[in-house]
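# Structural overview
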Amino acid sequence: MSNKRIVSGMRPTGKLHLGHFHGVLSNWLELQKSYECFFFAADWHSLTTEYANTDGIKDSINEMVLDWLAFGIDPEQSVIFEQSKVPQHAELNLILGMITPVSWLERNPTYKEMQENLSTKDLSTFGFLGYPVLMASDIIVYKSAKVPVGQDQVPHLEITREIARRFNYLYGEVFPEPQALLTETPKVLGLDGRKMSKSYNNAIFLSDDAETTRKKVLSMVTDTQRVYKKDPGEPDRCVAFALHSLYVPQEKRDEIVVGCRSAELGCVDCKKILAQCMIDTLAPFRAKREELASKPGVVDEVLTEGSRKAEVVAKETMNEVRAALKV
Ligand code: TRP
(Lines give C-alpha, C1' and ligand atoms only; values in the text may rest on other atoms or scores of the structure.)
Protein backbone atom coordinates (compact mmCIF):
# COMPACT_ATOMS: atom_id res chain seq x y z
CA MET A 1 0.00 0.00 0.00
CA SER A 2 2.78 2.44 0.88
CA ASN A 3 4.00 2.49 -2.72
CA LYS A 4 0.67 4.01 -3.71
CA ARG A 5 1.10 6.71 -1.14
CA ILE A 6 1.56 10.36 -1.91
CA VAL A 7 2.49 13.19 0.41
CA SER A 8 2.33 16.85 -0.37
CA GLY A 9 2.26 20.02 1.66
CA MET A 10 1.62 23.68 1.12
CA ARG A 11 2.91 26.45 3.28
CA PRO A 12 -0.14 28.33 4.51
CA THR A 13 -0.11 31.73 2.85
CA GLY A 14 -3.86 32.37 3.06
CA LYS A 15 -6.36 32.34 0.25
CA LEU A 16 -5.24 30.45 -2.83
CA HIS A 17 -5.18 32.03 -6.28
CA LEU A 18 -5.51 30.70 -9.81
CA GLY A 19 -1.79 29.95 -9.93
CA HIS A 20 -2.15 27.59 -6.98
CA PHE A 21 -5.17 25.99 -8.54
CA HIS A 22 -3.70 25.27 -11.97
CA GLY A 23 -0.23 24.59 -10.58
CA VAL A 24 -0.92 22.36 -7.60
CA LEU A 25 -4.50 21.85 -6.55
CA SER A 26 -5.84 20.50 -9.85
CA ASN A 27 -3.00 17.99 -9.75
CA TRP A 28 -3.90 16.93 -6.20
CA LEU A 29 -7.50 16.41 -7.32
CA GLU A 30 -6.34 14.05 -10.03
CA LEU A 31 -4.03 12.10 -7.71
CA GLN A 32 -6.67 11.79 -5.05
CA LYS A 33 -8.58 9.46 -7.35
CA SER A 34 -5.90 6.81 -7.60
CA TYR A 35 -3.52 7.22 -4.65
CA GLU A 36 -3.66 7.19 -0.91
CA CYS A 37 -2.98 10.89 -0.40
CA PHE A 38 -1.69 12.80 2.58
CA PHE A 39 -2.14 16.55 2.11
CA PHE A 40 -1.04 18.91 4.80
CA ALA A 41 -0.66 22.52 5.84
CA ALA A 42 3.07 23.00 6.39
CA ASP A 43 2.75 25.44 9.26
CA TRP A 44 6.14 24.64 10.77
CA HIS A 45 7.67 25.43 7.41
CA SER A 46 6.01 28.83 7.61
CA LEU A 47 7.96 29.45 10.79
CA THR A 48 11.23 29.28 8.88
CA THR A 49 10.47 32.70 7.45
CA GLU A 50 7.61 33.95 9.67
CA TYR A 51 9.00 33.13 13.10
CA ALA A 52 8.82 36.78 14.15
CA ASN A 53 5.22 37.20 13.09
CA THR A 54 3.09 34.15 13.74
CA ASP A 55 -0.24 35.93 14.24
CA GLY A 56 -1.56 35.26 10.75
CA ILE A 57 -0.67 31.59 10.41
CA LYS A 58 -3.80 30.08 11.92
CA ASP A 59 -6.02 32.24 9.77
CA SER A 60 -3.98 31.40 6.69
CA ILE A 61 -4.42 27.70 7.34
CA ASN A 62 -8.15 28.17 7.64
CA GLU A 63 -8.43 30.09 4.35
CA MET A 64 -6.20 27.67 2.50
CA VAL A 65 -7.97 24.54 3.69
CA LEU A 66 -11.37 26.08 2.87
CA ASP A 67 -10.12 26.40 -0.70
CA TRP A 68 -8.94 22.78 -0.72
CA LEU A 69 -12.29 21.54 0.51
CA ALA A 70 -14.37 23.77 -1.75
CA PHE A 71 -12.46 22.62 -4.82
CA GLY A 72 -12.83 18.95 -3.99
CA ILE A 73 -10.01 17.75 -1.79
CA ASP A 74 -12.09 15.27 0.10
CA PRO A 75 -11.47 14.20 3.71
CA GLU A 76 -13.24 10.91 2.95
CA GLN A 77 -10.63 10.06 0.32
CA SER A 78 -7.51 11.84 1.51
CA VAL A 79 -5.85 12.49 4.82
CA ILE A 80 -5.93 16.25 5.28
CA PHE A 81 -3.91 17.45 8.22
CA GLU A 82 -1.77 20.05 9.91
CA GLN A 83 1.95 19.43 10.19
CA SER A 84 2.31 20.85 13.69
CA LYS A 85 -0.38 18.50 14.99
CA VAL A 86 1.71 15.45 14.11
CA PRO A 87 4.75 15.66 16.39
CA GLN A 88 6.48 12.73 14.66
CA HIS A 89 7.50 15.16 11.88
CA ALA A 90 9.59 17.02 14.46
CA GLU A 91 10.90 13.84 16.04
CA LEU A 92 12.15 12.51 12.72
CA ASN A 93 13.47 15.95 11.80
CA LEU A 94 15.71 15.83 14.86
CA ILE A 95 17.10 12.43 13.99
CA LEU A 96 17.62 13.24 10.31
CA GLY A 97 19.39 16.42 11.43
CA MET A 98 22.02 14.25 13.06
CA ILE A 99 22.94 12.51 9.81
CA THR A 100 22.58 15.38 7.33
CA PRO A 101 25.85 17.09 6.40
CA VAL A 102 25.59 20.86 6.63
CA SER A 103 27.27 21.12 3.23
CA TRP A 104 24.25 19.48 1.56
CA LEU A 105 22.06 22.22 2.95
CA GLU A 106 24.42 25.07 2.20
CA ARG A 107 24.74 24.10 -1.44
CA ASN A 108 20.95 23.94 -1.87
CA PRO A 109 20.26 26.61 -4.53
CA THR A 110 16.94 27.62 -2.94
CA TYR A 111 18.72 28.45 0.30
CA LYS A 112 20.86 31.28 -1.03
CA GLU A 113 18.19 32.47 -3.41
CA MET A 114 15.55 32.83 -0.70
CA GLN A 115 17.99 34.52 1.65
CA GLU A 116 18.72 37.09 -1.03
CA ASN A 117 15.08 37.56 -2.05
CA LEU A 118 13.86 37.97 1.51
CA SER A 119 16.70 40.22 2.58
CA THR A 120 14.49 42.19 4.99
CA LYS A 121 14.23 39.11 7.18
CA ASP A 122 17.03 37.59 9.16
CA LEU A 123 17.15 34.11 7.72
CA SER A 124 20.50 33.10 9.09
CA THR A 125 18.82 30.61 11.40
CA PHE A 126 19.37 26.92 12.04
CA GLY A 127 15.74 26.24 11.12
CA PHE A 128 15.87 28.03 7.79
CA LEU A 129 19.03 26.18 6.79
CA GLY A 130 17.33 22.97 7.87
CA TYR A 131 14.17 23.54 5.80
CA PRO A 132 14.92 20.54 3.53
CA VAL A 133 15.48 18.27 6.52
CA LEU A 134 12.02 19.04 7.84
CA MET A 135 10.63 18.52 4.37
CA ALA A 136 12.40 15.16 4.14
CA SER A 137 10.81 14.21 7.46
CA ASP A 138 7.35 15.19 6.19
CA ILE A 139 7.75 12.88 3.26
CA ILE A 140 9.52 9.81 4.56
CA VAL A 141 7.66 9.60 7.85
CA TYR A 142 4.81 8.29 5.65
CA LYS A 143 7.17 6.20 3.51
CA SER A 144 5.75 8.01 0.57
CA ALA A 145 6.87 6.78 -2.85
CA LYS A 146 5.89 9.86 -4.79
CA VAL A 147 5.74 13.55 -4.10
CA PRO A 148 3.91 15.92 -6.40
CA VAL A 149 5.91 19.12 -6.40
CA GLY A 150 6.68 22.02 -8.66
CA GLN A 151 9.97 22.41 -10.46
CA ASP A 152 11.15 24.82 -7.74
CA GLN A 153 11.01 22.06 -5.14
CA VAL A 154 13.11 19.54 -7.05
CA PRO A 155 16.38 20.42 -5.25
CA HIS A 156 14.61 19.88 -1.93
CA LEU A 157 13.37 16.51 -3.03
CA GLU A 158 16.84 15.54 -4.16
CA ILE A 159 18.07 16.26 -0.62
CA THR A 160 15.20 14.13 0.72
CA ARG A 161 16.40 11.21 -1.39
CA GLU A 162 19.99 11.68 -0.25
CA ILE A 163 18.92 11.75 3.38
CA ALA A 164 16.77 8.62 3.00
CA ARG A 165 19.64 6.84 1.31
CA ARG A 166 22.04 7.84 4.06
CA PHE A 167 19.66 6.66 6.76
CA ASN A 168 19.23 3.30 5.04
CA TYR A 169 22.98 2.96 4.60
CA LEU A 170 23.66 3.68 8.27
CA TYR A 171 20.81 1.80 9.95
CA GLY A 172 19.32 -0.60 7.44
CA GLU A 173 16.59 -0.33 4.83
CA VAL A 174 13.68 1.61 6.37
CA PHE A 175 12.74 4.27 3.85
CA PRO A 176 11.86 4.15 0.16
CA GLU A 177 13.52 6.90 -1.87
CA PRO A 178 10.67 9.13 -2.90
CA GLN A 179 10.31 10.24 -6.51
CA ALA A 180 9.23 13.68 -7.62
CA LEU A 181 5.98 13.63 -9.53
CA LEU A 182 6.41 16.49 -11.92
CA THR A 183 3.32 17.26 -13.88
CA GLU A 184 3.11 19.69 -16.68
CA THR A 185 1.45 22.77 -15.29
CA PRO A 186 0.54 25.89 -17.16
CA LYS A 187 2.42 28.95 -16.03
CA VAL A 188 -0.26 31.27 -14.72
CA LEU A 189 0.56 34.93 -15.10
CA GLY A 190 -0.82 37.63 -12.87
CA LEU A 191 -2.68 40.80 -13.86
CA ASP A 192 0.57 42.62 -14.63
CA GLY A 193 2.17 39.83 -16.64
CA ARG A 194 4.53 38.66 -13.89
CA LYS A 195 4.09 35.26 -12.28
CA MET A 196 0.85 35.26 -10.30
CA SER A 197 1.71 35.78 -6.66
CA LYS A 198 0.03 37.19 -3.61
CA SER A 199 3.10 39.26 -2.80
CA TYR A 200 3.08 40.90 -6.24
CA ASN A 201 -0.51 41.97 -5.68
CA ASN A 202 -1.46 40.65 -9.10
CA ALA A 203 -3.52 37.61 -8.18
CA ILE A 204 -7.07 36.50 -8.83
CA PHE A 205 -8.11 34.50 -5.79
CA LEU A 206 -10.24 31.39 -5.98
CA SER A 207 -12.51 33.03 -3.43
CA ASP A 208 -12.86 36.42 -5.15
CA ASP A 209 -16.49 37.30 -5.85
CA ALA A 210 -17.82 37.82 -9.36
CA GLU A 211 -17.45 41.60 -9.34
CA THR A 212 -13.89 41.50 -8.04
CA THR A 213 -13.01 38.90 -10.65
CA ARG A 214 -14.48 41.03 -13.42
CA LYS A 215 -12.63 44.13 -12.29
CA LYS A 216 -9.35 42.27 -12.02
CA VAL A 217 -9.68 40.61 -15.41
CA LEU A 218 -10.52 43.94 -17.04
CA SER A 219 -7.36 45.44 -15.54
CA MET A 220 -5.16 42.75 -17.05
CA VAL A 221 -2.28 43.57 -19.34
CA THR A 222 -2.97 42.41 -22.89
CA ASP A 223 -0.72 42.62 -25.94
CA THR A 224 1.47 45.61 -25.08
CA GLN A 225 2.29 46.14 -28.75
CA ARG A 226 -1.39 46.76 -29.52
CA VAL A 227 -1.73 50.42 -28.61
CA TYR A 228 -5.04 51.34 -30.26
CA LYS A 229 -8.07 49.19 -30.90
CA LYS A 230 -7.56 49.62 -34.62
CA ASP A 231 -4.14 47.98 -34.34
CA PRO A 232 -4.19 44.25 -34.98
CA GLY A 233 -3.23 42.24 -31.89
CA GLU A 234 -1.43 38.97 -31.32
CA PRO A 235 -2.94 36.53 -28.81
CA ASP A 236 0.41 34.80 -28.35
CA ARG A 237 1.79 38.02 -26.91
CA CYS A 238 -1.26 38.69 -24.75
CA VAL A 239 -1.06 38.11 -21.00
CA ALA A 240 -4.82 37.73 -20.65
CA PHE A 241 -5.05 35.23 -23.48
CA ALA A 242 -3.04 32.69 -21.49
CA LEU A 243 -6.07 32.51 -19.18
CA HIS A 244 -8.48 32.20 -22.10
CA SER A 245 -6.99 28.80 -22.81
CA LEU A 246 -7.95 27.72 -19.29
CA TYR A 247 -11.46 29.15 -19.16
CA VAL A 248 -12.85 29.96 -22.60
CA PRO A 249 -14.14 27.09 -24.76
CA GLN A 250 -12.04 26.25 -27.81
CA GLU A 251 -14.58 27.39 -30.36
CA LYS A 252 -14.97 30.80 -28.79
CA ARG A 253 -11.22 31.09 -28.49
CA ASP A 254 -10.77 30.47 -32.19
CA GLU A 255 -13.16 33.33 -32.89
CA ILE A 256 -11.25 35.55 -30.51
CA VAL A 257 -7.95 34.84 -32.23
CA VAL A 258 -9.42 35.88 -35.57
CA GLY A 259 -11.08 38.97 -34.06
CA CYS A 260 -7.87 40.06 -32.33
CA ARG A 261 -5.60 39.62 -35.33
CA SER A 262 -8.03 41.49 -37.58
CA ALA A 263 -8.53 44.25 -34.98
CA GLU A 264 -12.29 43.65 -35.03
CA LEU A 265 -12.36 42.61 -31.42
CA GLY A 266 -11.09 45.08 -28.82
CA CYS A 267 -9.23 44.09 -25.67
CA VAL A 268 -11.96 45.23 -23.31
CA ASP A 269 -14.62 43.13 -25.01
CA CYS A 270 -12.23 40.23 -25.22
CA LYS A 271 -11.52 40.41 -21.49
CA LYS A 272 -15.22 40.65 -20.73
CA ILE A 273 -15.66 37.27 -22.40
CA LEU A 274 -12.83 35.83 -20.32
CA ALA A 275 -14.21 37.28 -17.10
CA GLN A 276 -17.64 35.79 -17.72
CA CYS A 277 -16.28 32.34 -18.53
CA MET A 278 -14.08 32.42 -15.46
CA ILE A 279 -16.92 33.55 -13.22
CA ASP A 280 -19.22 30.82 -14.57
CA THR A 281 -16.58 28.13 -14.14
CA LEU A 282 -15.70 29.12 -10.62
CA ALA A 283 -19.23 29.86 -9.39
CA PRO A 284 -20.08 26.41 -7.98
CA PHE A 285 -16.80 26.20 -6.06
CA ARG A 286 -17.19 29.68 -4.70
CA ALA A 287 -20.71 28.84 -3.53
CA LYS A 288 -19.43 25.71 -1.85
CA ARG A 289 -16.68 27.69 -0.17
CA GLU A 290 -19.12 30.21 1.19
CA GLU A 291 -21.27 27.46 2.53
CA LEU A 292 -18.30 25.81 4.25
CA ALA A 293 -17.06 29.13 5.62
CA SER A 294 -20.45 29.88 7.13
CA LYS A 295 -20.23 26.82 9.34
CA PRO A 296 -17.60 27.56 11.95
CA GLY A 297 -15.27 24.76 12.89
CA VAL A 298 -15.42 22.81 9.62
CA VAL A 299 -11.72 23.19 8.90
CA ASP A 300 -10.75 22.50 12.52
CA GLU A 301 -12.73 19.30 12.48
CA VAL A 302 -11.20 18.08 9.23
CA LEU A 303 -7.67 18.86 10.42
CA THR A 304 -8.14 17.27 13.81
CA GLU A 305 -9.47 14.07 12.32
CA GLY A 306 -6.84 14.02 9.57
CA SER A 307 -3.99 14.72 11.97
CA ARG A 308 -5.14 11.80 14.10
CA LYS A 309 -5.05 9.49 11.07
CA ALA A 310 -1.66 10.79 9.97
CA GLU A 311 -0.26 10.28 13.43
CA VAL A 312 -1.17 6.59 13.41
CA VAL A 313 0.97 6.04 10.31
CA ALA A 314 3.78 8.32 11.44
CA LYS A 315 4.00 6.56 14.81
CA GLU A 316 4.47 3.19 13.14
CA THR A 317 7.35 4.56 11.11
CA MET A 318 8.93 6.06 14.22
CA ASN A 319 8.79 2.69 15.93
CA GLU A 320 10.78 1.25 13.06
CA VAL A 321 13.18 4.19 13.16
CA ARG A 322 13.82 3.71 16.87
CA ALA A 323 14.38 -0.01 16.36
CA ALA A 324 16.81 0.61 13.49
CA LEU A 325 18.62 3.29 15.44
CA LYS A 326 18.69 1.31 18.67
CA VAL A 327 18.10 4.60 20.48
N1 TRP B 1 8.40 23.17 0.54
C2 TRP B 1 7.07 23.12 0.00
C3 TRP B 1 6.74 24.47 -0.62
O4 TRP B 1 7.35 25.48 -0.27
C5 TRP B 1 6.05 22.78 1.05
C6 TRP B 1 6.33 21.45 1.67
C7 TRP B 1 6.75 21.22 2.93
C8 TRP B 1 6.19 20.19 1.03
N9 TRP B 1 6.89 19.91 3.16
C10 TRP B 1 6.56 19.22 2.03
C11 TRP B 1 5.81 19.78 -0.24
C12 TRP B 1 6.55 17.86 1.73
C13 TRP B 1 5.81 18.41 -0.53
C14 TRP B 1 6.17 17.46 0.45
O15 TRP B 1 5.86 24.56 -1.43
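For clarity, every value in this text was computed on a predicted model and none was experimentally measured.

### Points about the site of the ligand
The full set close to the ligand counts 13 residues, and Arg-11, His-45, Tyr-131, Asp-138 and Gln-153 are the nearest of them. Contact between the ligand and Tyr-131: a nitrogen atom at 2.7 Å from a side-chain N or O atom of the residue. Between Gln-153 and the ligand, the recorded distance is 2.8 Å, taken from a side-chain N or O atom to a nitrogen atom. About the coverage of the ligand: the protein hides 91% of its 370 Å² of free accessible area. Here the shell around the ligand is composed, by residue class, of 7 nonpolar, 4 polar and 2 charged.

### As for the packing of aromatic side chains
Counted by the stated rule, this structure contains 10 aromatic pairs. Ring pairs connect the aromatic residues Phe-38, Phe-40, Phe-81 and Tyr-142, which therefore count as one cluster. Here the guanidinium or amino end of Lys-4 rests over the ring plane of Tyr-35, the centre of that ring lying 4.6 Å away.

### Quick look at the domain arrangement of the chain
Domain parsing of the chain yields domain 1 (5-188 + 296-325) and domain 2 (198-290). The distance between the C-alpha centroids of domain 1 and domain 2 comes to 34 Å. Counting residues at the interface gives 17 residues for domain 1 and 14 residues for domain 2. Around 1400 Å² of area is buried between domain 1 and domain 2 when both sides are counted, 66% of it from carbon and sulfur atoms.

Analysis parameters
Residues numbered from 1 in each chain as written. Predicted model: local features only at pLDDT ≥ 70, side-chain atom pairs only at ≥ 80, totals over all residues. Heavy atoms only, no water. Near = heavy atom within 4 Å. Polar contact = N/O pair within 3.5 Å; in protein donor to acceptor, adjacent residues only side chain to side chain. Areas by Shrake-Rupley, 256 points an atom, 1.4 Å probe, with all protein chains shown as cover. Nonpolar A, V, L, I, M, F, W, Y, C, P; charged D, E, K, R; others polar. Phe/Tyr/Trp six-rings, centres within 6.5 Å; stacked < 30°, edge-to-face > 60°. Lys NZ or Arg CZ within 6 Å of the ring centre and 35° of its normal. Domains from an automatic or database assignment. Contact = heavy atoms within 4.5 Å. Buried area = accessible area lost by both parts, 1.4 Å probe.

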